[in-house]
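Examining the three-dimensional arrangement
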Amino acid sequence: MQEILAITKTSRNLISKFVQGYTLEQLNKVPVGFNNNIIWNVAHIIVTQQILVYKLSGLPMIVTDEMVEKYRKGTKTEHFASQDEVDQILALLTQTIDQTAKDIENKIFINFTEYPTSTGYVLTSAQDAMTFNNFHEGIHLGVILGLRKLV
């Protein structure tokens, strides 16, 4: 799983670099034709990884239930994220993956609840979840790159 995790870390570093330099207003702007903004996509990436890897493994998530409710699959931007919230999201971008690395090293991912994704791919292990998560993050990285041109 170390190789899978290395890809996730690379993705997270790219996302972090891409959002730096944008104002709070730009991060929160929902362009015409979109349901979400840049910061929603960043938070959604974090929440999805936590659900796929931790919740499906029967383990506590690092993120709060409130964050999950705001940014899980099927949600859309419904509030203006404050600077404090943006700072927390950007910190979690790194902290969650650092914790996942420690948890992989400590071999805590033992149980897993099988989960059919919306793409039709069925996750059967935490390793599957991490692999699928990289695919998912790639999609949202592309969305973030598109949004950057419109804000």
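Everything numeric in this text was worked out from a predicted model, so none of it was measured. (Residues numbered from 1 in each chain as written. Predicted model: local features only at pLDDT ≥ 70, side-chain atom pairs only at ≥ 80, totals over all residues. Heavy atoms only, no water.)

Another aspect to go through is the packing of aromatic side chains. Under the counting rule described, the total for this entry stands at three aromatic pairs. Both rings, one in Tyr-121 and one in Phe-132, keep their centres 6.5 Å apart while their planes meet at 5°; by these two values the pair is stacked. Here Tyr-121, found in the loop between strand 1 (115-116) and strand 2 (122-123), pairs with Phe-132, found in helix 6 (residues 126-148); they are 11 residues apart in sequence, far enough to count as distant. With centroids separated by 5.5 Å and ring planes inclined at 50°, the aromatic side chains of Phe-132 and Phe-135 adopt a geometry described as tilted. Of the two residues, Phe-132 and Phe-135 both sit in helix 6, three residues apart, roughly one turn of that helix. By relative accessible area, Phe-132 is classed as buried at 12%. (Phe/Tyr/Trp six-rings, centres within 6.5 Å; stacked < 30°, edge-to-face > 60°. Helix = DSSP H or I, 4+ residues; strand = E, 2+ residues; numbered from the N terminus. Buried < 20%, exposed > 50% of the residue type's maximum accessible area, 1.4 Å probe, protein only.)

Moving on, we come to the packing of helix 3 (residues 38-54) against helix 5 (residues 83-105). Where helix 3 contacts helix 5, the two axes come as close as 10 Å, and the packing angle between them is 25°. One way to sum up the angle between helix 3 and helix 5 is to call them roughly parallel. Every pair of crossing elements has a handedness; the one defined by helix 3 and helix 5 is left-handed. Facing Ile-39, Val-42, Ala-43, Ile-46, Gln-49, Gln-50 and Tyr-54 of helix 3, the residues of helix 5 in contact are Val-86, Ile-89, Leu-90, Leu-92, Leu-93, Thr-96, Ile-97, Gln-99, Thr-100 and Asp-103. Taken together, the residues of the contact of helix 3 with helix 5 break down into 11 nonpolar, five polar and one charged. (Axes fitted to C-alpha atoms, helices over the stretch in contact; angles between N-to-C directions. Parallel < 35°, antiparallel > 145°, perpendicular 65-115°, else oblique. Left-handed = near helix turned anticlockwise from the far one by under 90°. Contact = heavy atoms within 4.5 Å. Nonpolar A, V, L, I, M, F, W, Y, C, P; charged D, E, K, R; others polar.)

Further remarks concern helix 1 (residues 2-19). Helical geometry note: an α-helix holds 3.6 residues per turn, so side chains three or four residues apart project in the same direction. Spanning 18 residues, helix 1 covers 26 Å between terminal C-alpha atoms, matching the ideal 26 Å at 1.5 Å per step. Among the residues of helix 1, Ile-4, Leu-5, Thr-8, Ser-11, Arg-12, Ile-15 and Val-19 are the ones counted as buried. Buried residues along helix 1 cover an arc of 120° about the axis, so they all sit on one side. Turned more than 90 degrees from where helix 1 packs its buried face, Glu-3 and Lys-17 sit exposed. Along its buried surface, helix 1 packs onto helix 2 (24-28), helix 3, helix 5 and helix 6. Once helix 1 finishes, Gly-21 follows within two positions and takes phi at roughly 90°, a positive value. (Expected span 1.5 Å × (residues − 1). Arc of directions from axis to C-beta.)

This paragraph deals with unusual backbone geometry. One non-glycine residue, Lys-107, lies in the positive phi region at around 55°. Along the chain, the position of Lys-107 falls in the loop between helix 5 and strand 1.

Within this structure, the stated rule accounts for four salt bridges. A salt bridge links Glu-66 to Lys-70, with the nearest nitrogen and oxygen atoms 3.8 Å apart. In this pair, Glu-66 and Lys-70 both sit in helix 4 (residues 65-71), four residues apart, roughly one turn of the helix. Taking relative accessible area as the criterion, Glu-66 reaches 54% and is therefore assigned exposed. Put simply, Glu-85 and Lys-70 hold a salt bridge, and the shortest N to O gap is 3.4 Å. Of the two residues, Glu-85 sits in helix 5 while Lys-70 sits in helix 4, which places them 15 residues apart along the sequence. In this structure Glu-85 comes out as buried when scored by relative accessible area, which is 12%. The class of Lys-70 is partly exposed, set by a relative accessible area of 28%. A network of salt bridges, in which partner residues are shared, links Glu-66, Lys-70 and Glu-85. (Salt bridge = Lys/Arg side-chain N within 4 Å of Asp/Glu carboxyl O.)

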